[in-house]
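Below, each chain spelled out in residue letters.
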Amino acid sequence: MRRNRAENDASHNKLTRRAALLGGAQLLFMGGLAARMRYLQVDQADQFRLLAEENRINIRLIPPARGEIFDRNGVRLAQNVPSYRIVIVREDAGDVEAVLDRLAQIITLDPEVRERVLAEVKRSAPFLPVTIIDDVSWEDVSKVSVNAPALPGVTPEVGLTRVYPRGSHFAHVVGRVGRVSQADLDALEDPDQLLRIPRFQIGKINVEARQEALLRGSAGTKQVEVNATGRVMRELARREGQSGADLQLTVDANLQGYVQARLGEESAAVVIIDCETGDLVANASAPSYDPNLFIGGISSADYNPLLQSLYRPLVNKTVQGSYPPGSTFKMIVAMAALEEGLVGPDDTAYCPGFVEVADRKFHCWKRAGHGWVDLGNSLKQSCDVYYYDLALKVGIEKISAMANRFGLGIRHDLPLSSVSSGLTPTKDWKKTVRGADWVIGDTVNASIGQGFMLASPLQLAVMTARIATGREITPRLIKSVDGVEQPQGVGAPLGLNENNLRQMRRGMYDVVNNRRGTAYKSRIIADGMRMAGKTGTSQVRNITAAERARGVTRNRDLPWERRDHALFVSFAPYDKPRYAVSVLVEHGGGGSTAAAPIARDVMLQALAGGEPPLEAYPTGDRDRIREQQRKLRNIQPMAKIDGKDQA
Amino acid sequence: MSYLEHSVKSVPTGLRKVLFLNWPLALLLASVCGIGFLMLYSVAGGSFSPWAEPQIKRFALGLGVMFTVAFVPIWLWRNLSGVAYGVSFLLLLAVAFIGEERKGSQRWLDLGFMDLQPSELMKITLVMFLAAYYDWLPAKKVSRPFWVLLPVLIICIPTALVLKQPDLGTSILLLTAGGGLMFLAGVHWAYFAAVIASGAGLITAVFQSRGTTWQLLNDYQYRRIDTFLDPSADPLGAGYHITQSKIALGSGGWTGRGYMQGTQSRLNFLPEKHTDFIFTTLAEEFGFIGGVSLLSLYALIIVFCIGTALLNKDRFSSLLTLGIALNFFLFFAVNMSMVMGLAPVVGVPLPLVSYGGSAMLVLLLAFGLVQSAHIHRPR
């Protein structure tokens, strides 16, 4: 195959030309690649470097330990205990089904749980733990740990959960925590990232909720390097969080426990205030419930009875409840009249059993009337007519203003949920809120703490403490935060005439200690513990003329919810007031029979700092009291803390 | 001018051939492979297993293949071109029936001691066969329709088989390399103009067919095109590869993050970090300077190949050398464009650097042919 040399040269030249063309194109393309590289790596380097760091570094939150809550003597009321759950990691487990089968032989495992775990394991990344069972007992944890070799990939994990060792005794003070709900998140403008951590617990009511900011603490963070599938490769940096602050309450756990036990299943409330500091040493509302039931989510079998009970165990009656103060309000009316100079201590009024005001008859509780009474007797015997008369002279505006000075109608700022402000009515209030004019009968009703007048047991206790001391006592619930003492609640003097106050105290002393006083049966006979007080019985119904005609139905013949509320306020010792107590027994009947005995028991318990000597009681009561003390001694709070250490 | 007319006296014989090897080219190839070992060591987290060690063994084997091929006279290889083409064609057919399926495509033949991709072999044997064809064909017939149709068939039939596997990347490479060889051989430019025009028409048709009953590409291929056109549209899905690859490149900066310090590859954000996307690791760890250095090495290889091709008076040798250089160029140009976000992700490895046995062996074999042409060039 011979070829023409010229032709060969021509084709070789052509090849050279085209090779040069193609080679040039290739080099040009490479130049383009270099330019692109320069654009990405030099011009945009900063932006991509940032993206790479974002890829690589993940910020994880470390939940802080929630602050614990103690009583005034250091008794733990809310604590954090380890809670265990059992998790499985697919890549360590290998054959998940076989491992679950083996686990089911060791601990009880519902078939449903098994299905859920299998589905979840399939969905999530192989290195992520999937929870098999939450909240397992220590026993089960040990069983799993002992059998670890047979259960690859199955490990117990530990977290912290809240426990209330004093259970039902502090449900209405400490409150409770629960899982963060969507409603909790919605309520906050800028929710803490912590709240998004699964299983994070947030305060739901009372101190736990109202002091959430102090108790929660702040999250720590750790920067971890993660790979593309999210597996943590190593920890780069760690910033420890701040644990929540420990709170010490002013409440005395033993006293509180005694009060709750004393109230038992009665629908009642007791507040005890320390007159020297304003400390709330007991704040009991009965019946109560076990807050531990709520922590992991309460079952409807547990919840429905609480919700439906006529005695409303979920309501904190000491601060949430508003009741007509009844005769316990008479001191306010008397003080208003005394301060105005409208009545002197020796001025008397005649009680025929009723007065007629604006064509309406207003009866005294004693149908036959008290005859001639002075201020002291009017308190001692709780004569209503005397106060109708006073109130008409003083007028509602002055009475309500005086009530405000004693802490009624004012919302006391306590870290409890739904603290009520009660109501001290005025003419303007009735006009704007009720749309009606104030009538004279409203004043008459208000004079004996009925009608529109409303107060909470807390307010009544504050009122009593203020009468006892003449100072502006404000209740205090938080004693210290992380050991830092909080300001006490002893305010400035009220600026009232001391003589007038002394007359009130004297009157209240007679209520309890005078043979003719309404609470004489509930007196304390120990010297230095003498108690002064005032009974109150507030109607929750109107007594009709027809009813009155055939004789007023006695309380115990009425259905429970229509019976009168029983109230009693007191302070002791009379000569050097230490504690002020208010007692409310819903629909309990008369204040002297239902409320005063409770007040005496709790007052003595507070004064004695434990079980009081029987000698403080009148001799006739001692046998009954001895029996009662024996019964109450061993009552424990409801606190369902299964499988967990209660210490 | 054919070697037959030439005295073969001046062609070196025996061990003397070693002295006449194109040593600069061999050194360039070895250094590129060396970079590959470095990178494979790095992406394994500083370990020879699982990638660097087998790759080094294959390189040793490939080096042996290269020298063996180089010492065999080029005319023997020319005479074997037809057979080589035929064998690779049969292997391609075989793979279509008994091939092993991986990741949704059927590309591999299990030879017992290694897995072979016949399409890799076809890249070289196609160039060989075309070079032999144009060496045989008188220059004046080159542009005649029948003599143009013949090489078109030689190119298109295996391309169709590869496309069927499906392997879009390799079929584009085959098509372009074959077309490039025809261009070098001197086929009239009007044919190319016509092909480019109809190619544009075909692309239009491909897009028009989407979603219809006569859809021309697989859905995953369309998705890759979509991803290429707008990677941000699906940053966690199909666009993930390109986005992460650009982040890796970009975060390298001028000098890179340092050897074995690349977070993108070490933490597995990069897909296929030891194969198709190995360049991103290099660029992340050694920066712009590292990337451009590798590109320069590649450019030098191309330049050396074109140089020796143009000095060679033997038409088969010239065409073969240029064709192999073109193939090599297409390899890394497509791969780099892909990782830099200039081309869709088509699954073409970075030549001599990416982990992969048959690709490296076949490339070294091809450069053995270039060396053979160099040693046995007419003098």
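What you see is a predicted model; the values in this text were computed from it and never measured.

**So, the overall build of chain B**
A count of helices and strands for chain B gives 14 helices and 3 strands. A total of 379 residues make up chain B; the buried ones form 50% of that total. Once local pairs closer than 6 in sequence are excluded, the contacts in chain B between residues at least 24 apart make up 70%.

**A word on the overall build of chain A**
Scanning chain A from terminus to terminus reveals 23 helices and 23 strands. Residue burial in chain A is summarised as follows: out of 647 residues, 43% are buried. Within chain A, counting contacts between residues at least 6 apart in sequence, those at least 24 apart form 74% of the total.

**Considering the pairing of strand 21 (residues 532–538) of chain A**
Residue and element names in this part refer to chain A. Counted residue by residue, strand 21 has 7 buried out of 7 residues, so it is predominantly covered. Every second residue of strand 21 is oriented toward a common face, with Ala532, Lys534, Gly536 and Ser538 on one face and Gly533, Thr535 and Thr537 on the other, all of them buried. As defined by bridge partners, strand 21 adjoins strand 22 (residues 565–572) across 7 bridges and the pair is classed as antiparallel. Within the sheet, the bridge partner assigned to threonine 537 lies in strand 22 and is alanine 566.

**Remarks on helix 14 (residues 357–375) of chain B**
Given a rise of 1.5 Å per residue, 19 residues ought to cover 27 Å, and the 27 Å separating the end C-alpha atoms of helix 14 of chain B matches this to within 8%. Within helix 14 of chain B, 17 of the 19 residues are buried, which leaves the element mostly enclosed by the surrounding structure.

**Some points on the confidence of the model for chain A**
Confidence in the prediction for chain A averages 87 pLDDT; 96% of positions are at 70 or higher. Ignoring residues within four places in sequence, the model shows residues 643–647 of chain A, a span with pLDDT below 50, making 8 contacts including any to other chains.

**Notes on helix 5 (residues 118–136) of chain B**
Between its first and last C-alpha, helix 5 of chain B extends 26 Å over 19 residues, near the 27 Å set by a 1.5 Å rise per residue. For helix 5 of chain B, the buried fraction is high: 17 of the 19 residues fall into the buried class.

**Brief notes about the sheet that holds strand 21 of chain A**
Residue and element names in this part refer to chain A. With antiparallel pairing, 5 strands are arranged side by side in an open sheet as 12-11-23-22-21. Of all the strands in the sheet, just strand 12 (280–286) and strand 21 have a single pairing partner and so form its edges. The mean angle between the axes of side-by-side strands here comes to 5°, regardless of whether they run parallel or antiparallel. For strand 11 (residues 268–274) and strand 12, the ladder comprises 6 bridges, and the chain directions are antiparallel. Bridge pairing in strand 12 places valine 270 opposite alanine 284.

**Structural notes on the UniProt feature "transmembrane region" (unreviewed entry) in chain B**
Residue and element names in this part refer to chain B. UniProt records the feature "transmembrane region" (unreviewed entry) at residues 20–44, 56–76, 82–100, 145–163, 172–192, 286–312, 324–346 and 352–370, using the numbering of this structure. The span residues 56–76 is 90% helical and 0% strand by assignment, and the distance between its end C-alpha atoms comes to 30 Å. As a span, residues 324–346 carries 70% helix and 0% strand, and end to end its C-alpha atoms are 21 Å apart.

**Points about unusual backbone geometry**
Cis geometry marks the peptide bond from alanine 286 of chain A to proline 287 of chain A, where omega comes out at -5°. With respect to the helices and strands, the residue proline 287 of chain A is situated in the loop between strand 12 and helix 11 (292–295). Note the cis peptide between serine 49 of chain B and proline 50 of chain B, where omega equals 5°. On the secondary structure map, proline 50 of chain B appears in the loop between helix 2 (23–43) and helix 3 (52–71). For aspartate 482 of chain A, which is not glycine, the phi dihedral falls at a positive 50°. Note that aspartate 482 of chain A resides in the loop between strand 18 (478–481) and strand 19 (484–485). The class for aspartate 482 of chain A is exposed, based on 12 C-beta atoms found within 10 Å. Positive phi, normally seen in glycine, also occurs at histidine 587 of chain A, with a value near 50°.

**A look at the sheet that holds strand 9 (residues 232–239) of chain A**
Two orientations exist for strands paired in a sheet by backbone hydrogen bonds: parallel and antiparallel. All names here are of chain A. Spatially, the 3 strands line up as an open sheet ordered 1-8-9, and their pairing is antiparallel. Two strands close off the open sheet at either side, each with one partner strand: strand 1 (57–62) and strand 9. Put simply, the sheet's adjacent strands are angled 30° from each other on average, direction ignored. Direction of pairing for strand 8 (residues 220–226) relative to strand 9: antiparallel, over a ladder of 6 bridges. Residue pairing for strand 9: lysine 222 is matched across the bridge by arginine 238.

**Looking at the environment of cysteine 33 of chain B**
Residues and elements named next belong to chain B. Inspection of the secondary structure assignment puts cysteine 33 in helix 2. As for cysteine 33 and glutamine 55, which are separated by 22 residues in sequence, their C-alpha atoms are 9.1 Å apart. Not counting the four nearest positions on each side in its chain, cysteine 33 is found in contact with Phe59 and Leu352.

**Observations concerning the interface of chain A and chain B**
As a measure of interface size, the accessible area lost when the parts come together is often cited. Taken together, the contact between chain A and chain B spans 37 residues of the former and 39 residues of the latter. For the side of chain A that touches chain B, the secondary structure elements donating two or more residues are helix 1 (5–43) and helix 2 (45–56) of chain A. Taken together, the residues of the side of chain A that touches chain B break down into 18 nonpolar, 11 polar and 8 charged.

**Some remarks on the confidence of the model for chain B**
In this model, chain B carries a mean pLDDT of 85, and residues with pLDDT of at least 70 account for 91%. As a predicted assembly, this complex carries a pTM of 0.66 together with an ipTM value of 0.89.

**A closer look at the packing of helix 10 (residues 240–252) of chain B against helix 12 (residues 278–311) of chain B**
All names here are of chain B. Contact geometry for helix 10 and helix 12: axes closest at 6 Å, N-to-C directions at 15°. As judged from the angle between their axes, helix 10 and helix 12 are roughly parallel. Seen along the crossing, helix 10 lies across helix 12 with a hand that is left-handed. Seen from helix 10, the contacting residues are Ser245, Ala248, Leu249, Ser251 and Gly252; seen from helix 12, they are Thr280, Thr281, Ala283, Glu284, Glu285, Gly287 and Phe288.

**A short note on the nonpolar core**
Val270, Ile273, Val333 and Ala595 of chain A are the most contacted members of the largest nonpolar core, which has 120 residues in total. When sequence neighbours within four positions are dropped, the list of residues in contact with alanine 595 of chain A reads Thr535, Ala566, Leu567, Phe568, Val583, Leu584, Val585 and Gly588 of chain A.

**Brief notes about the environment of valine 334 of chain B**
Residue and element names in this part refer to chain B. By secondary structure assignment, the location of valine 334 is in helix 13 (residues 315–339). With 22 C-beta atoms counted inside 10 Å, the residue valine 334 sits in the buried group. Along the backbone, valine 334 and proline 349 are 15 residues apart, and their C-alpha atoms lie at a distance of 8.7 Å. Residue contacts for valine 334: discarding those within four places in its chain leaves Gly169, Leu173, Ala343, Val346 and Val348.

**Notes on the packing of helix 12 of chain B against helix 13 of chain B**
All names here are of chain B. Packing of helix 12 against helix 13 leaves a shortest axis separation of 9 Å and a crossing angle of 165°. As the angle between them shows, helix 12 and helix 13 are arranged roughly antiparallel. Seen along the crossing, helix 12 lies across helix 13 with a hand that is left-handed. Contacts from Phe279, Thr280, Tyr298, Ile301, Ile302, Cys305, Ile306, Thr308 and Ala309 in helix 12 reach Ser318, Thr321, Leu322, Ile324, Ala325, Phe328, Phe329, Phe332, Asn335, Met336 and Val339 in helix 13. Class assignment for the residues of the contact of helix 12 with helix 13 results in 15 nonpolar, 5 polar and no charged.

**With respect to the environment of valine 95 of chain B**
All names here are of chain B. Examined against the element boundaries, valine 95 turns out to sit in helix 4 (residues 74–98). Assessed through the 22 C-beta atoms surrounding it within 10 Å, valine 95 is described here as buried. Counting along the chain gives 22 residues from valine 95 to glutamine 117, while the straight-line C-alpha distance between them is 8.5 Å.

Parameters at a glance
- Residues numbered from 1 in each chain as written.
- Chains lettered and ligands numbered in written order.
- Predicted model: local features only at pLDDT ≥ 70, side-chain atom pairs only at ≥ 80, totals over all residues.
- Helix = DSSP H or I, 4+ residues; strand = E, 2+ residues; numbered from the N terminus.
- Buried ≥ 20, exposed ≤ 12 C-beta atoms within 10 Å, placed from the backbone.
- Contact = placed C-beta atoms within 7 Å.
- Pairing = 2+ DSSP bridges.
- Expected span 1.5 Å × (residues − 1).
- pLDDT = per-residue confidence, 0-100.
- Axes fitted to C-alpha atoms, helices over the stretch in contact; angles between N-to-C directions.
- UniProt positions renumbered as here; feature names shortened; annotations may be inferred.
- Nonpolar A, V, L, I, M, F, W, Y, C, P; charged D, E, K, R; others polar.
- Parallel < 35°, antiparallel > 145°, perpendicular 65-115°, else oblique.
- Left-handed = near helix turned anticlockwise from the far one by under 90°.
- Core = buried A, V, L, I, M, F, W, Y, C linked by C-beta atoms within 7 Å.

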